[in-house]
Amino acid sequence: TWTPDAFVDLTVAELKQKIGDDKVVLGLSGGVDSTVAAVLLHKAIGKNLYCIFVNNGLLRKNEFQDVLDQYEHMGLNVKGVDASARFLDALAGESDPEKKRKIIGKVFIDVFDDEAHLVKDVKWLAQGTIYPDVIESVSATGGPSATIKSHHNVGGLPDYMKLKVVEPLRMLFKDEVRRVGKSMAIGDERLGRHPFPGPGLAIRILGDITPEKVSILQEVDHIFIQGLRDWGLYDKVWQAGAMLLPVNSVGVMGDERTYEKCVALRAVESTDGMTADWVNLPYEFLQKTSNDIINKVPGVNRVVYDISSKPPATIEWE
Ligand code: XMP
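One numbering rule holds for all chains: residues counted from 1, following each sequence as written. Since the coordinates come from a predicted model, pLDDT governs what is reported: local features require at least 70, and pairs of side-chain atoms require 80 or more to be given and counted, while whole-chain, interface and lining totals use all residues.

**Student:** Provide a residue-level description of the overall build of the protein chain, including the pertinent values.
**Tutor:** Numbering of helices and strands runs from the N terminus; a helix is a DSSP stretch of H or I covering at least four residues, while a strand is a stretch of E covering at least two. The number of helices and strands found in the protein chain is 10 helices and nine strands. Throughout, the radius of gyration refers to the C-alpha atoms, and the reference size of a globule is 2.2 Å times the residue count to the power 0.38. In terms of overall size, the protein chain behaves like a compact globule, its C-alpha atoms giving a radius of gyration of 20 Å where 318 residues would be expected to give roughly 20 Å. Overall, the protein chain is about 70 × 40 × 40 Å in size when its C-alpha atoms are taken along their principal axes. We call two residues in contact whenever the C-beta atoms placed from their backbones are within 7 Å. For the protein chain, the share of sequence-separated contacts (at least 6 apart) that also reach a separation of at least 24 residues comes to 75%.

Right under this line is the structure:
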């Protein structure tokens, strides 16, 4: 029978054998998969694993620094690269969801490639690809659902990098990845984290992206997610986030009329993200969260809660 401990022992031995004294680069995202892959490789080859954690400027509030600190704490050889300006410049003026994804995917590859070239004589690229990613990228070459959304985690390797690919989680499902992570003493802070899309807040800001919109959404998201934690709801929800809508509506403040932004909150239950149901969050929680957002985030005067299930309504609004 499969056990996480046996998987770790076997995989570490195989990785040592396969990689020897070569250097490996790996892109960390803050998510479960890349973190578990990194810790496995670190066990096998130590400092020869060069981790690169890119800030695309579309992460949650404080996420870049917090997660970077955690990675350093775990003893990983990690470099944080703040490429926010490069991403936001490339995205300026673009409103089309798929084009936004493509731009982010391309800039990520450019940034990652620049960094990988700084690692002298690197031979391998490690990825946190898991079994469902493998299946999805296979179906993405032909299946009818292929172009609904382009996930950029798989197959994004530019030829000219000429690196061999190592994917230690390729045969695992998500729950197995979590169990492996737990057996290597990775904390709940990482393992219990809600899924967060590679393109980040870019696909939760409907329409074009500006630094100002990003910071509004970061504040809103922070209040919502911190609230879920404070109310003991975070672990009861599979994924949650806020969307910044391209809609202004009228509000009153004292004698004045305002014409400001509307945000939508979304929280879903799911097992694999393929289908999802909206979560019946307590009214008191929604009431408090809405008040906090409107009182604390300038530029937002209206909060709505998304009560749509998938299908047809995807988890992300773009
Ligand atoms: P949807 O919005 O398609 O999302 O219902 C299903 C799951 O996939 C995540 N997602 C993405 N992840 N790149 C990613 O890495 C993407 O472009 C992307 N689009 C959606 C989403 O957050 C949810 O967990």
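Alright, that's what it looks like, and here's the rest.
**Student:** Go over the pairing of strand E1 (residues 23–28) with me, naming the residues and quoting the values.
**Tutor:** In this scheme the burial state of a residue depends on its C-beta neighbours within 10 Å: 20 or more other such atoms mean buried, 12 or fewer mean exposed, and anything in between means partly exposed; the C-beta positions come from the backbone. For E1, a buried count of five out of six residues is recorded, marking the element as mostly surrounded by other parts of the structure. For two strands to be treated as a pair, DSSP must find at least two bridges joining them. Strand direction decides the pairing type here: E1 and strand E4 (residues 122–126), joined by four bridges, are parallel. Among the inter-strand pairings, Leu-26 is bridged to a residue of E4, identified as Ala-126. Two elements, E1 and strand E2 (residues 49–55), share five bridges in a ladder whose sense is parallel. Looking at E2, one finds that Val-25 is bridged to Tyr-50. Here is how to tell: hold the view so the strands point away, follow the path from the first strand over the helix to the second, and if it runs clockwise the crossover is right-handed. Handedness of the crossover is the feature at issue here: the chain leaves E1, passes through helix H2 (residues 32–45), returns alongside E2, and the resulting connection is right-handed.

**Student:** Hey, could you go over the domain arrangement of the protein chain for me, with residue numbers and the actual values?
**Tutor:** How far each domain reaches was decided by an automatic or database domain assignment. Structurally, the protein chain comprises domain 1 (4–189) and domain 2 (204–305). Just the C-alpha atoms count here: the centres of domain 1 and domain 2 sit 28 Å apart. Following the grouping adopted for this structure description, the nonpolar residues are Ala, Val, Leu, Ile, Met, Phe, Trp, Tyr, Cys and Pro, the charged ones are Asp, Glu, Lys and Arg, and the polar ones are all others, Gly among them. Residue classes in the side of domain 1 that touches domain 2 are distributed as four nonpolar, three polar and three charged.

**Student:** I'd love a proper account of the pairing of E2, names of residues and values included.
**Tutor:** Sheet topology places E2 next to strand E3 (residues 78–82); five bridges connect them, and they run parallel. Bridge pairing in E3 links Asn-55 to Asp-82. Taking the sense of rotation as the criterion, the β-α-β connection linking E2, helix H3 (residues 63–73) and E3 turns out right-handed.

**Student:** So what's going on with the nonpolar core? Residues and values would help.
**Tutor:** Nonpolar side chains in soluble globular proteins tend to end up buried together. We define the nonpolar core as any set of buried residues of the types Ala, Val, Leu, Ile, Met, Phe, Trp, Tyr and Cys, connected via C-beta atoms lying within 7 Å of each other. Ranked by size, the top nonpolar core spans 71 residues in total, and within it Val-24, Leu-26, Ala-38, Leu-41, Cys-51, Val-220 and Val-263 carry the most contacts. The residue makeup of this core includes at least three contributed by each of domain 1 (4–189) and domain 2 (204–305). Every residue in contact with Val-220, bar those within four places of it in the chain, is listed here: Ala-242, Val-263, Ile-293, Val-297 and Val-300.

**Student:** Please set out the sheet that holds E3 residue by residue, giving values where relevant.
**Tutor:** The sheet built from five strands is open, its strands ordered E3-E2-E1-E4-E5 with parallel pairing. Single-partner strands in this sheet number two, and they are E3 and strand E5 (164–166). Neighbour-to-neighbour, the strand axes of this sheet turn through a mean angle of 30°, independent of strand direction. Judged from the three bridges that link them, E4 and E5 form a sheet pairing that is parallel. Each residue of the ladder has a partner; that of Ala-126, found in E5, is Val-166. Fitted lines through C-alpha atoms give the axes, limited to the stretch in contact for helices. The angle between two N-to-C directions lies from 0 to 180 degrees. Sheet strands touched by H2: E1, E2 and E4. Its angle to E1, the strand with the most contacts, is close to 160°.

**Student:** So, the packing of helix H9 (residues 211–230) against helix H10 (residues 283–296): which residues are in play, and what are the values?
**Tutor:** Orientation of H9 relative to H10, taken along the N-to-C sense of each, is 150°, at an axis distance of 10 Å. One way to sum up the angle between H9 and H10 is to call them roughly antiparallel. Like other packed secondary-structure pairs, H9 and H10 cross with a definite hand, here right-handed. Residues Val-220, Ile-223, Phe-224 and Gly-227 of H9 form the contact with H10, whose own contacting residues are Phe-285, Lys-288, Thr-289, Asp-292, Ile-293 and Lys-296. Its residues assigned to classes, the contact of H9 with H10 comprises five nonpolar, two polar and three charged. What sets the label is the angle itself: under 35 degrees gives roughly parallel, over 145 gives roughly antiparallel, 65 to 115 gives roughly perpendicular, and the rest give oblique. Should the near helix be turned counterclockwise from the far one by less than a right angle, the crossing is left-handed, whereas a clockwise turn marks it as right-handed.

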